[in-house]
Structures are given as C-alpha cells and as structure tokens.
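Understanding the architecture of this molecule
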Amino acid sequence: MAETVEDPPTSAVLLDHCDFSQVIFTRVEKFYVPGGDVTCYYTLTQRFIPRRKDWIGIFRVGWKTTREYYTFMWVTLPADLNSKSTKQQEVQFKAYYLPKDDEYYQFCYVDQDGVVRGASIPFQFRPESEEDILVVTTQSEVEEIEQQNNELCKENQELRNSCVGLQKQNADVQAALQKKQEELETLKCINQKLEQEVKAQKDSWETELLQLKEQNHKLSSENEKLGVRVDQLQAQLSTQEKEMERLVQGDQDKTEQLEHLKKENNQLFLSLTEQREHQNKLEQTVMELRLKEVVAAKEEQELMDQNLNLSKRLSENKITCNVLQREKERMERENDLLKRENSKLMSYMGLDFDSLTCQAPTSDQGATGQNSRLVYGNPYAGIQESSSPSLPSIKKCPKSDFADDTFDHTSKDQPIQTLYLNCPICDKSFPAKGKQIFEDHVFCHSL
C-alpha cells in the first residue's frame, strides 16, 4: 500500500486468547462493489484505549492468526479520548488494494501488540445483482452450502464456548480487580496515616524553627553587646584561627574559606558565635572520619585474616589432591598388574582343567558333588601340585585356618595342594575358590 511504509505488528496469538468486544464495527455492508473505495466505521468502547501502532486489516474468513491479513490501514488516534464523539472512528481503504475475488472477508481491529480487539460480520466484494434474477443451483451445490452452513454452525458453537470461557475469565478478572481495589483502600488508609504523621512531624519542625529563630534573635542582640569586647577577643580569635588551620590541613576548600575569613575580619567579629558552631561541626566531622578509618582498618584486617585462612586451606587441598592423585596412579598400576596376573592365571588353569578332566575323570567326583551349584564346575579342582609354584600370585598360606577347615576334605580325597591368592597391598592370603572374597578385599583398600 502507498500509505503504509512498514508492516503492521502481528503475533501468533490464537482466537481463543483474543477479546473481540473492545472495538465494535458498525454500518458494515453485506457486499461491496469492486472498483470503489471502502469506508470502515468502528466504535471504541470505554474500557479500550487506542495506541499509535494500532491498525485495521481485512482478513479472509477462516483466518487463524493476525499474520494472515490481506491489506491493512493504520488507525487515527482521536484528539480527546474522553470525548464521546471521538469514540466513533472511520478509516478508508483504497480500491486498488482491495481483494478481487468473491470470497468472504471481515474487518479486524488489531492493537500494537498483535492482539485482535474487534471483528466485523463477514462481507463480499462483488457487483450488485438484480433481485429478479433466478439463481439455479445443483444438488451438489446445495449439499456443499449445507455443509458450509454446518461448519459455520460448529464455528459459531465454538465461538460461543469461547465466549463462555471469556466471560468466566472476565469474572475472575473482576474478582482480582475487586481484591486490588480492597488493597488500594488499605493503601489509602496507610497513606492517610503517613500523611498525618508527616503533618505532625512538619508541625514539630516548624515549632523548632520558631525556637531557632528566637535563639537567633537573642544571639544577634548579644552579638551587638559583644561589639564592645571585640578588642579583648582578638587574641582568642588568633588562637582559634591556628586551631582551624590545624583541623583543615590539606583541605583546599576550607583553606580558601579561611583566607576569605581573614580578609573579612570585620565581619567575623560580628559572626563570632556562628564560627564557633562551625568549628564544632568540623570537629565532629573529623571524629567521624577517624571512627570510619578505624572501622575500615578493622575490616581490612579481617579480610586479610580470611584471605590467609583461605590460602592455607587451598594449599592443604592441593597437597591432599596430589596425594590422592599419586594414590590413584599407584592403584591403577596395581590394578593393571592384577588384571594381567588374573588373565594369565585363568588361561593357565583353563588348559590344565581340560587336560585333567580327560585323564582322570573319576578323581573329581567328590569335588563335583560339593560344587554342584556351579554351571561349569570348579575351575581350581583339577590343578596339579607341580603347576602351582610357577604362578607368582598364588601360594599356599601357612597361617590361614579358614582354608584348612574349608578344603580339608579335598586333600583327603585327592593329592592336590590347596591354592591361595595373595593381596598385593597387605599380603593377606585367600583360598583360590574364594575369588569374590579376594576381589572384595582388594576393593576395600581403594576406599
């Protein structure tokens, strides 16, 4: 469009989240003749306030979001929003930008947030027709019209349901508004109390101001009387000037004031009382600065102590981390060594077990009965006594009573020496058949 330089603000808000009752379209025709300009008349409700980026668009019936507009025009803001005449507004669409087909369209008022605030009844763009023209339709067209009518009825029912939901939502909003109004009344009461307190405080301040004015008047009269004693106070004034130079040492502004006070010596004689009060204020300021300096020094010392403690903790954590890292590396090396030894042991035992089962099947009947719970039998039952010295990780434990009590019956049935697994950390021995106990014991060292 020639009058629209930029695209209007739109959004993907669905129809269920829009309020169509804030802007009402009036004087909407059933159809508009193509080739002519179309004027859209609309009314703003009292609870709606238009904004600069609001716009009115022409949408094809069945649209889902505000991005599906065919054309649009920016609305004109009224000069006075409180006037009733400004509620009646209009906007004109040029014929060049209007649709050329005979589909159904409708006007929609969209605010600058992309939310629809009002929608008109559907209309068409088609030429005028004679009333006496007979329209002949087929049965299929009648069925199609009936189907469209049913669909429109369904859409109408959905819109009614949506209206019920919106009414419920409006009731909730009204309840929330009532609650807010109650809170506002409470705040007003609190505000009135505060205003009363402020008024009382103001009265007290005014009373104090009157007292100060009276004191100032008395001091002025006393100052006139003290004019006679000016000669006697000159010595005291020089002493006070020295004290002021010591207090405002390094302060350039105060030094300039002191030089100015020296130049206006005659005025200082008349305002001696005021300078005393000023001197007392300076002394209080110096004392406050000293107190702040002491507090800052204490805080700095506390921060230094905290920093020192954190540094110590950090160094201790680093040492602990290094020790744990070295322990982890050692355990990994020992674990790799144990894995290699176990793999060698298993491969070796597997070969001897096959050879022994082929040569002497009857010698393992007692052990087979004892280990009937194992699917493949006991892999350590057939190892010969001559093969045990060649394994570095297996030896006979001279101190283990558990192995002697558990496997004593096998030594009676067959001449096979009992095998043991040594712990690589504490050198404790475990029976070869208790492999799970041995692995749990080694794992406990890593905890």
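Numbering of residues begins from 1 in every chain and follows the order in which that chain's sequence is written. Under the rules for a predicted model, residues below a pLDDT of 70 receive no local features and side-chain atom pairs below 80 are neither given nor counted, while totals for whole chains, interfaces and linings still include all residues. Heavy atoms from the whole structure form the basis of all side-chain values; hydrogens and water molecules are not counted.

Quick word on the overall build of the protein chain
Note the cut-off: Helix and strand definitions follow DSSP, with helices as H or I runs of at least four residues and strands as E runs of at least two, each counted in order from the N terminus. Think of it in three bands: residues with accessible area under 20% of the maximum for their type are buried, residues over 50% are exposed, and the middle band is partly exposed, with areas taken using a 1.4 Å probe on protein chains only. Every residue pair with non-hydrogen atoms within 4.5 Å of one another is taken to be in contact. Using a 1.4 Å probe, the Shrake-Rupley method yields the accessible areas, and only the shown protein chains count as cover for residues.
When its secondary structure is counted, the protein chain shows nine helices and 11 strands. Counting across all 447 residues of the protein chain, residues that qualify as buried make up 25%. Of all intrachain contacts in the protein chain linking residues separated by at least 6 positions in sequence, the fraction that spans at least 24 positions is 67%. Within the structure as shown, the protein chain displays about 33,200 Å² of accessible surface, and the carbon and sulfur contribution to it stands at 53%.

Focus on the pattern of salt bridges
Counted only if it meets this: One side-chain nitrogen of Lys or Arg within 4 Å of one carboxyl oxygen of Asp or Glu is enough to make a salt bridge.
Evaluation of the coordinates by the stated rule reveals seven salt bridges. Ionic pairing is found between R51 and D111, a salt bridge with its closest N-O pair at 3.7 Å. On the criterion of sequence distance, the pair formed by R51 in the loop between β3 (38-44) and β4 (55-60) and D111 in the loop between β7 (104-110) and β8 (116-119) is long-range, its members being 60 residues apart. Given a relative accessible area of 1%, D111 falls into the buried group.

Comments concerning the sheet that holds strand β6 (residues 88-93)
Sheet strands pair via backbone hydrogen bonds, and the direction of the pair is either parallel or antiparallel. What counts, and what does not: Between any two strands, pairing holds if DSSP finds at least two bridges. For helices, the fitted line uses only the C-alpha atoms of the stretch in contact; every axis is such a line through C-alpha atoms, and the angle between N-to-C directions lies from 0 to 180 degrees.
Here three strands make up an open sheet; going across it, the order is β1-β3-β6 and the pairing antiparallel. The sheet terminates laterally at β1 (23-26) and β6, the two strands that pair on one side only. For this sheet the average axis-to-axis angle between neighbouring strands, irrespective of direction, equals 30°. Two strands pair when backbone bridges link them, and β3 and β6 are joined in this way by six bridges, in the antiparallel orientation. Of the residues in β6, the one forming a bridge with T43 is Q88.

Here we look at unusual backbone geometry
With a phi close to 55°, R27 is a non-glycine residue in the positive phi region. In this structure, D427 takes a positive phi of about 60° despite not being glycine. Its location among the elements puts D427 in the loop between β10 (420-422) and β11 (429-431).

Here's the deal with the packing of helix α2 (residues 230-247) against helix α3 (residues 252-263)
Keep this limit in mind: Roughly parallel means an angle under 35 degrees; roughly antiparallel means over 145; roughly perpendicular covers 65 to 115; every other angle is labelled oblique. Crossings are classed by handedness, with left-handed meaning an anticlockwise turn of the near helix from the far one by less than a right angle and right-handed meaning a clockwise turn. In the scheme used here, Gly and all other residues not listed as nonpolar or charged are polar, with Ala, Val, Leu, Ile, Met, Phe, Trp, Tyr, Cys and Pro taken as nonpolar and Asp, Glu, Lys and Arg as charged.
Their axes nearest at 10 Å, the elements α2 and α3 cross at an angle of 165°. With respect to α3, the axis of α2 lies roughly antiparallel. Classified by chirality, the crossing of α3 by α2 is left-handed. In this structure, α2 contributes E241, M244 and E245 to the contact, and α3 contributes L258, L261 and K262. For the contact of α2 with α3, a count of residues per class yields three nonpolar, no polar and three charged.

Concerning the pairing of β4
When you tally the buried positions in β4, you get five out of six residues, the bulk of the element. Judged from the five bridges that link them, β4 and strand β5 (residues 69-74) form a sheet pairing that is antiparallel. Following the sheet pairing, G57 is matched in β5 by F72. Bridge analysis of β4 against β7 gives six bridges, and the strand direction is antiparallel. By the bridge assignment, I58 is partnered in β7 with F107.

Description of the nonpolar core
Operational definition: What is meant by a nonpolar core is a set of buried Ala, Val, Leu, Ile, Met, Phe, Trp, Tyr and Cys residues, joined one to another through side-chain atoms within 4.5 Å.
Membership of the largest hydrophobic core comes to 21 residues, with the highest contact counts inside it found for F25, Y42, I56, F93, F107, Y109 and F125. Secondary structure elements with two or more residues in this core: β1, β3, β4, β6, β7 and β9 (123-125). A total of four residues in this core trace back to one element, the largest contributor, which is β3. Ranked by size, the runner-up nonpolar core spans eight residues in total, among them L345, M349, L421 and V442.

Overview of the side chain of H441
Basically, it comes down to this: In the analysis that follows, any N or O atom pair within 3.5 Å is treated as a polar contact, provided that within protein one partner can donate a hydrogen and the other can accept it, and provided that, for residues neighboring in sequence, both atoms belong to side chains.
Note on placement: H441 falls in helix α9 (residues 435-445). In terms of polar contacts, H441 uses its side chain to reach the side chain of H445, at 3.3 Å. Apart from residues lying up to four places away in sequence, H441 is in contact with C423, C426, K428 and F430.

Some words on α2
Counting along an α-helix, one turn takes 3.6 residues, and residues three or four places apart therefore face a common direction. Applicable threshold: Take the residue count of a helix, subtract one, and multiply by 1.5 Å to get its expected span. Bend is computed residue by residue as the angle between axes fitted to the seven residues ending at the residue and the seven residues starting at it.
Taking 1.5 Å per residue as the helical rise, α2 with its 18 residues ought to reach 26 Å, and the 24 Å between its terminal C-alpha atoms agrees with that figure. Residue Q236 marks the point of greatest curvature in α2, where the axis turns by about 25°. For α2, every residue scored as buried is listed here: V230, L233, L237, Q240, E241 and M244.

Examining the state of the cysteines
Our working rule: By disulfide we mean two sulfur atoms from cysteines, separated by a distance within 2.5 Å.
Applying the stated rule across the entire model yields zero disulfides. With no disulfide of its own, C423 has C426 as its nearest cysteine by sulfur position, at a separation of 3.6 Å.

Overview of the environment of V38
Here V38 shows up in strand β3. Sequence separation of V38 and K94 is 56 residues, and the distance between their C-alpha atoms is 6.7 Å.

Section: the packing of aromatic side chains
What counts, and what does not: Stacked, tilted and edge-to-face pairs are distinguished by plane angle, under 30 degrees for stacked and over 60 for edge-to-face with tilted covering the rest, among Phe, Tyr and Trp rings (Trp via its six-membered ring) whose centres lie within 6.5 Å. Distance and angle both matter: a charge sits over a ring if NZ of Lys or CZ of Arg is within 6 Å of the ring centre and within 35 degrees of the ring normal.
Summed over all chains, the structure comprises 20 aromatic pairs. Each ring, one from F48 and one from Y109, has its centre 5.4 Å from the other, and the planes form 90°; the classification is edge-to-face. Here Y109 lies in strand β7 and F48 lies in the loop between β3 and β4, a separation of 61 residues in the sequence. Accessibility expressed as a relative area gives 6% for F48, which makes it buried. Ring geometry for Y96 against Y97: centres 5.1 Å apart, planes inclined by 85°, an arrangement best described as edge-to-face. Lying over the aromatic face of Y41, R27 brings its terminal NZ or CZ to 3.9 Å of the ring centre. The ring of F31 carries R126 above its face, with NZ or CZ at 4.1 Å from the centroid.

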